[in-house]
Amino acid sequence: MKSFRKLGLLTLTTGLSIGIFAPGAGAASLGNEQLSEAQIQLSLAEAVVSKSELIKKFRELFPQFNYLKDSDFHMGSGHHYPDDDTIRYDLSFHKNLKNGKYVNGSIGFIGEKLEIERFNYDPSNAEEALFPAKVTKEKAQNIAQEFLKKFADGSDYQLEPQYFTFFPNHQLLTEPIRYSFSFVRTKNNIPLSDQRIQITVLGNGEINDFYRSTFNQGIPSFDDETKALSKKEIISKMKDDLSIDLYYRIDHDYRTGAKDVKLVYQPSSEMRGVHAITGEWQTLNGFSSKLPARDGLVTITDQAIQPKRANLTLEEAKTFAEKLLKVDSKEIKLRIESIDETKNHNGQEVISIQYMYEYHNGGTGTNLEIDKKTGEIIQYHDLKADVLKEAGDDQKESQAIAKEEALEQAVKYLKNYAPSYLHNYAIPMGEPYYNEARGVYHFSFPRIVNGILVNGDQISVGISANGELLSLNVNHSDIQSWPSVKNVISKEKATTKFFENLNLKLNFFREGTGEKRDHYQLVYTPEYSENPFSYLDASTGEWTSALDNKHQTISHPWAEKELNYLMEAGIIEVKDAKDFQGDEKITKGAALEIVMRSISRFYPEYPPHQKSVNQTFDNIKPEHPLFQAVERAVSLGVLEKEIAFNPDEHLTKEELAVWYIRLLELAEAAKNQGIYQLKFADAKEVTPENIGFVALAHSLGLLTDTNNKFSPKKEITYADLAVSAVQLAHEIFKKGLHYY
C-alpha cells in the first residue's frame, strides 16, 4: 500500500476496503481498478472561511463539547482533489482536562455550506465503553439514528444490514467497544449507491466517528422508476446472456498470513448490474449492450522471460530508483530516504525504497518496491505529474491516446520492468477503467493457472494520456498447490444454483463523468444469496460466507458473558463450543496466550521485518505456537528470563496474581512484602516473596477471596481467567498503559 507523506499533497484513503467489502459472487479482479486520488492543499492565504465559522458549525451538531474554548481548536488549510474543485476544510481540537486526561478530535467540512463530512473523537475516559459496555448494540443504533435527525436530509437515510463484525486480527479487552452503522440515502425508497453515512457509537453511548460520502454535485437528475422493466424480464435476460464460470479464489487470513485457495463459480466481474429501463449491462465504464466473452484467454507472453537483473544489491536498487524517479526540473529535488530489505504481504523478499520529492512550498513521497531476486518492480506509483504541478510547472494536457495504444504501452512497460511474471498473466478481457477527466487508463492483467482465471492475483498498470507509465503493481501469491478441477460440480449445476435464489435490487447509480455526471441511472443489482459476501464453492456446490459472522456460544453459570465475548473478540480460540468446558483447569501456556492477546496484538509472523529473533527459553523455539506470546510476556516483564517456563503446567491463582501485578508495572512495589498484611484465613499458604503481589491483586479487585480464603494454590480455570482478565483490562485502561 502506498504511504504518502506531504506538506502540500495528501492522499485519499478509499482504497483500503476494496478487497474486504467486494461481494464474493462477482469479485474477480479482472477489471481495471481506479487509483486513489491525491489532495491538493491550499495555502491559508487562499482560504476564505474563518475558524470561528467552522467552530460554529461544529457546535451545532455536537453541543456536548461546550467545555471547549475557541482557543482549543486549530484550523488547517483548505484543500481539494484534482477532479473535484469542491473546497474542504479541516478543524481539530485538543484539550488537557483537570483530571490529568485529555480529549482530541478532528472534523472535516465541505463546500460553501460547510457541511460536516467527517468527525473523529478520542474521549478523555472511555472506560465505560470497555467490555461490558454501558450500552447495547440496539441502544447504540437508536443513538446513531437520533443523530441522523440533525441533518436536513437525515430522514432519507435507511440503515443497511450488517453481515459481519470485523475485528482486525482481534479485539483487545483494553479497547473500547465500537458499534458501527451504515446508512444509505434513498429516493422513493430506492438507495443512492454513492451517498452513505457511517456512524460509530462507543460502548458508553458517545459518537466517536462519523463519515459522510460527498462529492462535487450539481443539481441531480434521476431516471423515472415507473419506466423500469420488470424483474422477470431482467432475470430472463441474465439467464440467456450471463455466463457463470470457474475461478480460483485466494483467501488471505490476515491474522496468520496464511493463504487458502478454492475453486469457485461466479459471473463475469465486468457485470455490475443491468439498466432497469434500457436493459443494458452495467460495466466498469458505463453501460453496454454486450458483455466481453471469456473465451480465448491470451497470455501476455508465450514463454517465461528471464529477468534483466538478478539478486539485486541495495546499491543497484538505489541506482535503478534514481533513474526511474528522476524529474526534469531544477525546482524539484529527489531524496532517497531509506532502502531496506524486507518481505511484502505476499512473502516475497523485496527491496523497499522510501523517497521524497522536495520543492519550494512542500514535498511528497511514497515507496518503490523491487523484487530482490529478479530486480523487477513490484509496486510503483508515479508522482512526477503531481509534483511538477505543485512546483508550478504545470504540464499541458495532451489528447489522450487510444485504448489500443495505451494497452500496447502497458505491455511494453511490463516486458521492461516485470518480464518474468508475464507468461502467468493474460491480456485484459474487458474494457479498461478510463478516467476521462485525466485521460488515464487503468489496466488489470489477470493471472491464469491451469487455464483458470485467479480471483485475487493480477498485475495493475496505469497509463497516462501521453502513454507514460503512471503505476505498476504486481500481485503474485506464492501458491504451491492448486486445487484440481476433477471433483467440481458442473457449470450447468452451478448456473442453476446462481439463478434459483436470484433476487434483483433497485439502486440509483450516478454516472459521475461527462455531461451527465450528476444524473442517476436506475440499475438492477443481482443478489445471488442471502449474504452478498458469500461465494459458490465449486467443490461442495454450496454457498459459503467469505466473512463468517456466526459466533459459537457457550453457557456457564457465572462467567458466560466474559467467556463468550473473549471468543467473539478472537482472544480465546475454540474449535467446537460443544466440547468447551469453562471450569476446565487451564495450563500456563494457554493462560499466558489469552492474557497477552487480551492486551496486545501479534504479527502473523514474528516479526516479518526482523531478520533474527531472541529466544528466551530453550524449550520455546521460534516455531513453537506459543513463541510470540511467551516472548511478548518476557518483554513486558511477566515472565523472568532466568526461570524455566513449562507451558503444560497448570496455573495457580497466586502465580496469576504475580503476572497481573507485573503487567501493571507494580512489581517493585509488590516486592516490599514487609509492608503488606494479608488477613485471609489461608494467608500462610501464600509464598512469602509473593505476599505483595497477592495483596495488590486483591486490593485492585483483580482476584477476590471467597469466605475469607484467597486459595493461592487453587488451579485457575478458563472461567476464572476470563473474569479476572476483564478486571485487569479496566485497570490497565485507567492507568493509561499501552503494550505495542
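One can find the structure itself at the top, above this paragraph.
This text gives an overview of the structure that appears in the document. What you are looking at is a predicted structure, and each value in this text was computed from that prediction instead of being measured. (Residues numbered from 1 in each chain as written. Predicted model: local features only at pLDDT ≥ 70, side-chain atom pairs only at ≥ 80, totals over all residues. Heavy atoms only, no water.)

Looking at the overall build of the protein
Definition in use: Helix numbering and strand numbering both begin at the N terminus, where a helix is a DSSP run of H or I of at least 4 residues and a strand a DSSP run of E of at least 2. Categorising residues by exposure relies on relative accessible area from a 1.4 Å probe, with only protein chains included: less than 20% of the type maximum marks a residue as buried, more than 50% marks it as exposed, and the intermediate range marks it as partly exposed. By the convention used here, residues are in contact when the closest approach between their heavy atoms is within 4.5 Å. Surface exposure here means Shrake-Rupley accessible area, sampled with a 1.4 Å probe, where a residue is shielded only by the protein chains that are shown.
Of the regular secondary structure elements, the protein holds 15 helices and 30 strands. Looking at the protein residue by residue over its 740 residues, the buried ones come to 49%. Residue pairs at least 24 apart in sequence account for 66% of intrachain contacts in the protein once pairs closer than 6 positions are excluded. For the protein, the exposed surface amounts to about 37100 Å²; the carbon and sulfur share of it is 47%.

Points about unusual backbone geometry
Going from Phe131 to Pro132, the amide bond is cis rather than trans, its omega being -5°. Looking at the secondary structure, you find Pro132 in the loop between β8 (115–122) and α3 (137–148). Despite not being glycine, Asn707 has its phi angle at roughly 55°, a positive value. Relative to the assigned elements, Asn707 resides in the loop between α14 (691–699) and α15 (718–735).

Structural notes on the side chain of Arg212
Condition: Two N or O atoms form a polar contact when they lie within 3.5 Å of each other; inside protein one atom must be a possible hydrogen donor and the other a possible acceptor, and for residues adjacent in sequence the pair counts only when both atoms belong to side chains.
Secondary-structure assignment places Arg212 in strand β12 (residues 207–212). Reaching out from Arg212, the side chain makes a polar contact with the side chain of Asp153 at a distance of 2.6 Å. When sequence neighbours within four positions are dropped, the list of residues in contact with Arg212 reads Glu115, Ile116, Glu117, Phe151, Asp153, Tyr157, Arg196 and Ile197.

Some points on the pattern of salt bridges
Note the following rule: Any Lys or Arg side-chain nitrogen found within 4 Å of a carboxyl oxygen on Asp or Glu counts as a salt bridge.
Across all of its chains, the model carries 31 salt bridges by this definition. Here Asp153 and Arg185 are joined by a salt bridge, their closest N and O atoms 3.5 Å apart. In this pair, Asp153 sits in the loop between α3 and β9 (157–159) while Arg185 sits in strand β10 (residues 178–187), placing the two residues 32 residues apart along the sequence. Owing to a relative accessible area of 11%, Asp153 belongs among the buried residues under this scheme. With relative accessibility at 22%, the residue Arg185 sits in the partly exposed group. When salt bridges with common partners are traced through the structure, they connect Arg249, Asp251, Asp260 and Lys262 into a single cluster.

What about helix α11 (residues 627–635)?
In terms of burial, α11 is a largely internal element, eight of the nine residues being buried. Of the positions making up α11, those classed as buried are Phe627, Gln628, Ala629, Val630, Glu631, Arg632, Ala633 and Val634. Buried residues along α11 sit against α10 (588–599). One or two steps after α11, the chain reaches Gly637, where phi turns positive at roughly 85°.

Overview of the pairing of strand β14 (residues 244–252)
Defined as follows: When DSSP locates at least two bridges between a pair of strands, those strands are taken to pair.
Of all nine residues making up β14, seven are buried, and the element is well covered by its neighbours. Relative to strand β25 (residues 452–463), β14 runs parallel, the two being bridged by three bridges. Bridge pairing in β25 places Tyr248 opposite Val454.

Quick look at the pairing of β10
Here β9 pairs with β10 via three bridges, running antiparallel. Following the sheet pairing, Tyr157 is matched in β10 by Arg185. Between the antiparallel neighbours β10 and strand β11 (residues 190–202) lie two residues, among them Asn188 with a positive phi of about 55°.

Considering the packing of aromatic side chains
The description of an aromatic ring pair rests on the distance of the ring centres and on the angle between the ring planes. Basically, it comes down to this: Put simply, two rings from Phe, Tyr or Trp (the six-membered ring, in Trp's case) pair if the centres are within 6.5 Å, and we call them stacked under 30 degrees between planes, edge-to-face over 60, tilted for the rest. Criterion for a charge above a ring: Lys NZ or Arg CZ within 6 Å of the ring centre, and within 35 degrees of the ring normal.
Here the structure, examined in full by the defined rule, presents 33 aromatic pairs. Relative to Tyr121, the ring of Phe119 has its centre 6.2 Å away and its plane inclined at 20°; by these criteria the two rings are stacked. For the pair Phe119 and Tyr121, one class covers both residues: buried. With 5.0 Å between their ring centres and 70° between their planes, Phe498 and Trp543 make a pair best called edge-to-face. Taken as a pair, Phe498 in helix α8 (residues 491–500) and Trp543 in strand β30 (residues 543–545) lie far apart in primary sequence, 45 residues in all. Across the ring face of Tyr413, the terminal group of Lys412 is positioned such that the distance to the ring centre comes to 5.1 Å. If you follow Lys653 out to its NZ or CZ, it ends over the ring of Phe710, 4.4 Å from the centre.

Some thoughts on the environment of Asn188
One can find Asn188 in the loop between β10 and β11. On a C-alpha basis, the gap between Asn188 and Asp156 in space is 8.8 Å, while along the polypeptide they are 32 residues apart. A polar contact of 2.5 Å, which involves the side chain of Asn188, links it to the side chain of Glu225.

Let's talk about the side chain of Thr652
By secondary structure assignment, the location of Thr652 is in the loop between α11 and α12 (653–663). Judged by its relative accessible area of 16%, Thr652 is buried. Every residue in contact with Thr652, bar those within four places of it in the chain, is listed here: Pro712, Lys713, Lys714, Glu715 and Ile716.

Concerning α10
Quick reminder of the rule: A helix is expected to span 1.5 Å multiplied by its residue count minus one.
With twelve residues, α10 ought to run about 16 Å at 1.5 Å a step, and its terminal C-alpha atoms sit 17 Å apart, in line with that. Here α10 has its buried residues at Lys588, Gly589, Ala591, Leu592, Ile594, Val595, Met596, Arg597, Ser598 and Ile599. In this structure, the buried residues of α10 make contact with α9 (560–568), α11, α12 and α15.

Thoughts on the nonpolar core
Burial of nonpolar side chains together is a common tendency in soluble globular proteins. We apply this condition: By nonpolar core is meant a set of buried Ala, Val, Leu, Ile, Met, Phe, Trp, Tyr and Cys residues that side-chain atoms within 4.5 Å join together.
The biggest cluster of nonpolar side chains holds 105 residues, and the ones touching the most others in it are Phe93, Ile199 and Met596. By residue number, the principal contributor to this core is α15, which donates nine residues. Counting 43 residues, the second largest nonpolar core, distinct from the first, contains Ile300, Phe320, Leu388 and Leu472.

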